[in-house]
Amino acid sequence: GAVVSQHPSRVICKSGTSVKIECRSLDFQATTMFWYRQFPKQSLMLMATSNEGSKATYEQGVEKDKFLINHASLTLSTLTVTSAHPEDSSFYICSARPTGAQETQYFGPGTRLLVL
Amino acid sequence: QKEVEQDPGPLSVPEGAIVSLNCTYSNSAFQYFMWYRQYSRKGPELLMYTYSSGNKEDGRFTAQVDKSSKYISLFIRDSQPSDSATYLCAMSDSGAGSYQLTFGKGTKLSVIP
(Lines give C-alpha, C1' and ligand atoms only; values in the text may rest on other atoms or scores of the structure.)
Protein backbone atom coordinates (compact mmCIF):
# COMPACT_ATOMS: atom_id res chain seq x y z
CA GLY A 1 0.00 0.00 0.00
CA ALA A 2 0.81 3.74 0.08
CA VAL A 3 2.00 4.02 -3.49
CA VAL A 4 2.56 7.38 -5.15
CA SER A 5 3.23 7.70 -8.85
CA GLN A 6 4.65 10.55 -10.88
CA HIS A 7 4.45 11.17 -14.57
CA PRO A 8 6.54 11.69 -16.56
CA SER A 9 9.64 10.17 -14.98
CA ARG A 10 11.89 12.16 -17.24
CA VAL A 11 11.32 15.11 -19.53
CA ILE A 12 13.55 17.15 -21.79
CA CYS A 13 12.20 20.42 -23.12
CA LYS A 14 13.30 23.58 -24.84
CA SER A 15 13.77 26.81 -22.95
CA GLY A 16 10.55 28.82 -22.82
CA THR A 17 8.16 25.90 -22.91
CA SER A 18 5.92 24.74 -20.06
CA VAL A 19 6.05 21.31 -18.48
CA LYS A 20 3.35 19.61 -16.42
CA ILE A 21 4.18 16.94 -13.85
CA GLU A 22 1.46 14.75 -12.36
CA CYS A 23 1.48 13.22 -8.89
CA ARG A 24 -1.05 10.54 -8.01
CA SER A 25 -1.73 8.61 -4.83
CA LEU A 26 -2.75 5.20 -6.15
CA ASP A 27 -4.24 3.41 -3.15
CA PHE A 28 -5.13 6.13 -0.69
CA GLN A 29 -6.64 9.57 -0.56
CA ALA A 30 -4.43 12.53 0.13
CA THR A 31 -5.86 15.83 1.26
CA THR A 32 -2.37 17.27 1.22
CA MET A 33 0.45 16.78 -1.23
CA PHE A 34 3.88 18.35 -1.22
CA TRP A 35 6.24 19.32 -4.02
CA TYR A 36 9.98 19.16 -3.49
CA ARG A 37 13.01 19.94 -5.55
CA GLN A 38 16.31 18.13 -5.16
CA PHE A 39 19.65 19.18 -6.58
CA PRO A 40 22.49 16.65 -7.00
CA LYS A 41 23.91 15.50 -3.67
CA GLN A 42 21.52 17.79 -1.81
CA SER A 43 18.54 17.11 0.37
CA LEU A 44 14.96 17.77 -0.57
CA MET A 45 13.84 21.38 -0.64
CA LEU A 46 10.14 21.93 -0.04
CA MET A 47 8.65 24.13 -2.74
CA ALA A 48 4.98 24.17 -1.87
CA THR A 49 2.18 22.49 0.02
CA SER A 50 -0.87 21.59 -2.01
CA ASN A 51 -4.27 21.15 -0.41
CA GLU A 52 -7.18 19.65 -2.27
CA GLY A 53 -9.68 22.27 -3.35
CA SER A 54 -7.66 25.27 -2.22
CA LYS A 55 -4.68 27.34 -3.24
CA ALA A 56 -1.21 25.99 -2.68
CA THR A 57 1.07 27.46 -0.05
CA TYR A 58 4.48 28.32 -1.43
CA GLU A 59 7.74 28.42 0.48
CA GLN A 60 9.73 31.62 0.63
CA GLY A 61 11.63 32.25 -2.56
CA VAL A 62 9.46 29.99 -4.74
CA GLU A 63 7.64 31.89 -7.49
CA LYS A 64 4.01 30.87 -7.51
CA ASP A 65 3.48 32.20 -11.04
CA LYS A 66 6.32 30.09 -12.33
CA PHE A 67 5.44 26.89 -10.51
CA LEU A 68 1.69 26.45 -10.86
CA ILE A 69 0.13 23.85 -8.61
CA ASN A 70 -3.32 22.37 -8.95
CA HIS A 71 -4.79 19.83 -6.53
CA ALA A 72 -8.09 19.03 -8.18
CA SER A 73 -8.90 15.76 -6.44
CA LEU A 74 -7.91 13.70 -3.42
CA THR A 75 -5.58 11.59 -5.54
CA LEU A 76 -4.05 14.02 -8.03
CA SER A 77 -1.86 17.09 -7.83
CA THR A 78 -0.06 18.71 -10.75
CA LEU A 79 2.97 20.97 -10.94
CA THR A 80 3.42 23.07 -14.06
CA VAL A 81 6.78 24.69 -14.64
CA THR A 82 5.94 27.65 -16.85
CA SER A 83 8.39 29.19 -19.31
CA ALA A 84 11.08 26.79 -18.19
CA HIS A 85 14.73 27.84 -18.26
CA PRO A 86 17.92 25.81 -17.88
CA GLU A 87 18.17 26.79 -14.20
CA ASP A 88 14.86 25.00 -13.62
CA SER A 89 16.53 21.71 -14.52
CA SER A 90 16.29 19.55 -11.44
CA PHE A 91 14.73 16.48 -9.85
CA TYR A 92 11.16 17.20 -8.78
CA ILE A 93 9.58 14.92 -6.21
CA CYS A 94 6.06 14.93 -4.87
CA SER A 95 4.78 13.37 -1.68
CA ALA A 96 1.30 12.64 -0.43
CA ARG A 97 -0.02 12.64 3.09
CA PRO A 98 -2.81 10.11 3.66
CA THR A 99 -5.97 11.76 4.88
CA GLY A 100 -6.16 11.20 8.62
CA ALA A 101 -2.46 10.35 8.99
CA GLN A 102 -1.07 13.82 9.52
CA GLU A 103 2.52 12.96 10.29
CA THR A 104 3.55 10.65 7.43
CA GLN A 105 4.29 11.32 3.80
CA TYR A 106 4.84 8.88 0.97
CA PHE A 107 7.00 9.96 -1.91
CA GLY A 108 6.71 9.52 -5.62
CA PRO A 109 9.62 8.26 -7.73
CA GLY A 110 10.50 11.75 -8.93
CA THR A 111 10.62 13.52 -12.29
CA ARG A 112 13.89 14.54 -13.81
CA LEU A 113 13.53 17.75 -15.81
CA LEU A 114 16.18 18.93 -18.23
CA VAL A 115 15.66 22.28 -19.91
CA LEU A 116 17.87 22.89 -22.92
CA GLN B 1 22.93 26.39 12.88
CA LYS B 2 20.77 24.26 10.61
CA GLU B 3 17.67 22.71 12.09
CA VAL B 4 18.76 19.17 11.23
CA GLU B 5 22.37 18.06 10.97
CA GLN B 6 23.36 14.83 9.26
CA ASP B 7 26.82 13.69 8.25
CA PRO B 8 26.72 13.26 4.46
CA GLY B 9 29.37 10.55 4.47
CA PRO B 10 30.07 8.68 2.30
CA LEU B 11 30.07 5.69 4.61
CA SER B 12 31.47 2.37 3.38
CA VAL B 13 31.07 -0.85 5.33
CA PRO B 14 31.64 -4.53 4.56
CA GLU B 15 28.67 -6.79 4.05
CA GLY B 16 27.30 -8.08 7.35
CA ALA B 17 28.45 -5.07 9.38
CA ILE B 18 26.22 -3.11 11.73
CA VAL B 19 25.60 0.38 10.38
CA SER B 20 24.84 3.36 12.58
CA LEU B 21 23.36 6.50 11.04
CA ASN B 22 22.64 9.61 13.07
CA CYS B 23 21.03 13.02 13.04
CA THR B 24 20.96 15.85 15.51
CA TYR B 25 18.42 18.62 15.60
CA SER B 26 17.83 21.90 17.33
CA ASN B 27 14.04 22.34 17.31
CA SER B 28 12.66 20.91 20.53
CA ALA B 29 9.15 21.00 19.06
CA PHE B 30 9.88 18.08 16.74
CA GLN B 31 7.81 15.08 17.78
CA TYR B 32 7.71 12.85 14.71
CA PHE B 33 10.87 11.27 13.39
CA MET B 34 11.34 9.35 10.19
CA TRP B 35 14.05 7.65 8.22
CA TYR B 36 13.83 7.46 4.47
CA ARG B 37 15.97 5.46 2.06
CA GLN B 38 16.65 6.93 -1.34
CA TYR B 39 18.23 5.01 -4.16
CA SER B 40 19.97 6.96 -6.89
CA ARG B 41 17.52 8.88 -9.07
CA LYS B 42 14.50 7.57 -7.16
CA GLY B 43 12.09 9.08 -4.68
CA PRO B 44 12.60 8.53 -0.93
CA GLU B 45 11.06 5.41 0.58
CA LEU B 46 9.75 5.53 4.15
CA LEU B 47 11.70 3.05 6.29
CA MET B 48 10.91 3.86 9.88
CA TYR B 49 8.58 6.20 11.71
CA THR B 50 8.80 7.01 15.43
CA TYR B 51 6.75 9.29 17.60
CA SER B 52 8.55 11.00 20.49
CA SER B 53 11.37 9.22 22.34
CA GLY B 54 12.07 5.52 22.32
CA ASN B 55 13.11 2.62 20.13
CA LYS B 56 11.37 0.92 17.25
CA GLU B 57 12.50 -2.24 15.52
CA ASP B 58 11.50 -3.58 12.13
CA GLY B 59 13.46 -6.54 10.84
CA ARG B 60 17.09 -5.54 10.48
CA PHE B 61 16.32 -1.88 11.18
CA THR B 62 16.15 -0.17 14.57
CA ALA B 63 15.31 3.48 15.05
CA GLN B 64 16.13 5.31 18.26
CA VAL B 65 15.03 8.75 19.37
CA ASP B 66 16.53 10.60 22.33
CA LYS B 67 14.60 13.84 22.63
CA SER B 68 16.58 14.98 25.68
CA SER B 69 19.74 14.97 23.57
CA LYS B 70 17.96 15.92 20.33
CA TYR B 71 19.56 12.92 18.68
CA ILE B 72 18.13 10.18 16.51
CA SER B 73 19.74 7.05 15.13
CA LEU B 74 19.07 4.31 12.63
CA PHE B 75 20.83 0.98 13.03
CA ILE B 76 21.04 -1.57 10.24
CA ARG B 77 22.04 -5.08 11.27
CA ASP B 78 23.60 -7.63 8.91
CA SER B 79 23.96 -5.00 6.23
CA GLN B 80 23.53 -6.11 2.62
CA PRO B 81 24.75 -4.63 -0.67
CA SER B 82 21.11 -3.83 -1.43
CA ASP B 83 21.17 -1.45 1.54
CA SER B 84 23.53 0.81 -0.43
CA ALA B 85 21.61 4.06 -0.76
CA THR B 86 21.30 7.52 0.74
CA TYR B 87 19.52 7.61 4.08
CA LEU B 88 17.61 10.74 4.98
CA CYS B 89 16.37 11.58 8.43
CA ALA B 90 13.27 13.73 8.61
CA MET B 91 11.24 15.20 11.41
CA SER B 92 8.19 17.31 11.99
CA ASP B 93 6.07 18.91 14.63
CA SER B 94 2.38 19.58 14.85
CA GLY B 95 2.75 23.33 14.97
CA ALA B 96 0.10 25.12 12.97
CA GLY B 97 -1.12 21.71 11.86
CA SER B 98 1.25 21.64 8.95
CA TYR B 99 3.39 18.59 9.84
CA GLN B 100 5.90 19.71 7.25
CA LEU B 101 9.01 17.59 7.13
CA THR B 102 12.46 18.98 7.79
CA PHE B 103 15.13 16.79 6.23
CA GLY B 104 18.75 16.16 6.94
CA LYS B 105 21.12 16.26 3.99
CA GLY B 106 21.31 12.48 3.84
CA THR B 107 24.12 9.99 4.43
CA LYS B 108 25.34 7.99 1.47
CA LEU B 109 25.96 4.38 2.47
CA SER B 110 27.84 1.76 0.47
CA VAL B 111 27.84 -1.86 1.60
CA ILE B 112 30.72 -3.69 0.00
CA PRO B 113 30.24 -7.41 -0.81
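By convention here, each chain's residues receive numbers from 1 onward along its written sequence. To read the labels, note that chains go from A and ligands from 1, taken in the order they are written. At least 70 in pLDDT is required for a residue's local features to be given in this predicted model, at least 80 for side-chain atom pairs to be given and counted, and no such filter applies to totals for whole chains, interfaces and linings, which use all residues. Side-chain measures were taken over the full set of non-hydrogen atoms in the model, leaving aside hydrogen atoms and water.

1. So, the state of the cysteines
Note the threshold: We call a pair of cysteine sulfur atoms a disulfide whenever their separation is within 2.5 Å. Think of it this way: any DSSP run of H or I at least four residues long counts as a helix, any run of E at least two long counts as a strand, and we number them from the N terminus. Under the scheme applied here, a residue whose accessible area is under 20% of the maximum for its type counts as buried, over 50% as exposed, and between as partly exposed, the area being computed with a 1.4 Å probe on protein chains only.
Considering all chains together, one arrives at two disulfides over all chains under this definition. Disulfide pairing is shown between Cys 23 of chain A and Cys 94 of chain A; the S-S distance is 2.0 Å. Across the S-S bond linking Cys 23 of chain A and Cys 94 of chain A, the dihedral sits near 80°, which makes this disulfide right-handed. Of this pair, Cys 23 of chain A sits in strand β3 (residues 19–25) while Cys 94 of chain A sits in strand β9 (residues 90–98), and the two are 71 residues apart along the sequence. Since its relative accessible area comes to 0%, Cys 23 of chain A is described here as buried. At a sulfur-sulfur separation of 2.0 Å, the disulfide partner of Cys 23 of chain B is Cys 89 of chain B. Taking the sign of the S-S torsion, -100° for the link of Cys 23 of chain B and Cys 89 of chain B, the bridge is left-handed. Highlighted residues: Cys 23 of chain B in strand β3 (residues 19–25) and Cys 89 of chain B in strand β9 (residues 85–92), separated in sequence by 66 residues. Residues Cys 23 of chain B and Cys 89 of chain B agree in their burial class; the two are buried.

2. So, the layout of surface pockets
The condition is simple: The method works on a 1 Å grid over the protein atoms by themselves. A cavity is a set of points holding a 1.4 Å probe that cannot get out, a pocket is an open set with protein on both sides within 12 Å along at least five of seven lines, and residues with an atom within 4 Å of a point line them. Grid points are joined across faces, edges and corners, and a volume is the space filled by probe spheres set on the points. Amino acids are sorted into nonpolar (Ala, Val, Leu, Ile, Met, Phe, Trp, Tyr, Cys and Pro), charged (Asp, Glu, Lys and Arg) and polar (every other residue, Gly among them).
Counted as a void, the largest pocket has a volume near 720 Å³. Considering the residues around the largest pocket, the lining is formed by 27 residues, among which Pro 40, Lys 41 and Gln 42 of chain A together with Ser 40 and Thr 86 of chain B are closest to the centre. For the lining of the largest pocket, the secondary-structure elements that each account for two or more residues are β9 and β11 (111–115) of chain A together with β9 and β11 (107–112) of chain B. A per-class count over the lining of the largest pocket returns ten nonpolar, eleven polar and six charged. Of the voids in this model, the second largest pocket is the one considered here, and its volume is about 360 Å³.

3. Some remarks on a nonpolar patch on the surface
To be explicit about the condition: Within this analysis, patches are made of residues with over 30% relative accessible area and no salt bridge. Like charges are joined at 9 Å or less; nonpolar side chains (Val, Leu, Ile, Met, Phe, Trp, Tyr) at 5 Å or less. Computed with a 1.4 Å probe, the accessible areas rest on the Shrake-Rupley method; for each residue, only the protein chains presented here act as cover. Throughout this description, the term salt bridge denotes a Lys or Arg side-chain nitrogen within 4 Å of a carboxyl oxygen of Asp or Glu.
On the surface, Ile 12, Leu 114 and Leu 116 of chain A cluster together to form a nonpolar patch covering roughly 310 Å² of accessible area. Along the chain, Leu 114 of chain A turns up in strand β11.

4. Notes on the sheet that holds strand β6 (residues 54–58) of chain B
Residue and element names in this part refer to chain B. Note the threshold: Two strands make a pair as long as DSSP finds a minimum of two bridges between them.
Here we have five strands laid out as an open sheet, ordered β1-β3-β8-β7-β6, and antiparallel in their pairing. Only two strands of the sheet have a single neighbouring strand rather than two, namely β1 (4–5) and β6. Bridging between β3 and strand β8 (residues 71–76) involves six bridges; their strand directions are antiparallel. Across the sheet, the residue bridging to Thr 24 is Tyr 71, located in β8.

5. Considerations on the packing of aromatic side chains
Filter applied, for reference: Here the aromatic set is Phe, Tyr and Trp, taking the six-membered ring for Trp, and pairing holds for ring centres within 6.5 Å; pairs whose planes are under 30 degrees apart are stacked, those over 60 apart are edge-to-face, and all others are tilted.
Going through the model one piece at a time under the given rule, you end up with twelve aromatic pairs over all chains. Centroid distance Phe 34 of chain A to Tyr 36 of chain A: 6.5 Å. Interplanar angle 40°. Geometry classified as tilted.

6. A closer look at the pairing of β9 of chain A
Two faces, one strand: in a regular strand the side chains alternate between the faces of the sheet. All names here are of chain A. Most of β9 is tucked away: nine of the nine residues are buried. Taking every second residue as pointing to the same face, both faces of β9 are buried, with Ser 90, Tyr 92, Cys 94, Ala 96 and Pro 98 on one and Phe 91, Ile 93, Ser 95 and Arg 97 on the other. Of the strand pairs in this sheet, strand β4 (residues 30–38) and β9 are connected by eight bridges, and their pairing is antiparallel. Directly across from Trp 35, in β9, lies its bridge partner Cys 94. Bridge count between β9 and β11: three bridges; the pairing is antiparallel. What sits directly across from Ser 90, in β11, is Leu 113. In the sheet, β9 pairs with strand β10 (residues 106–107) via two bridges, with the strands oriented antiparallel.

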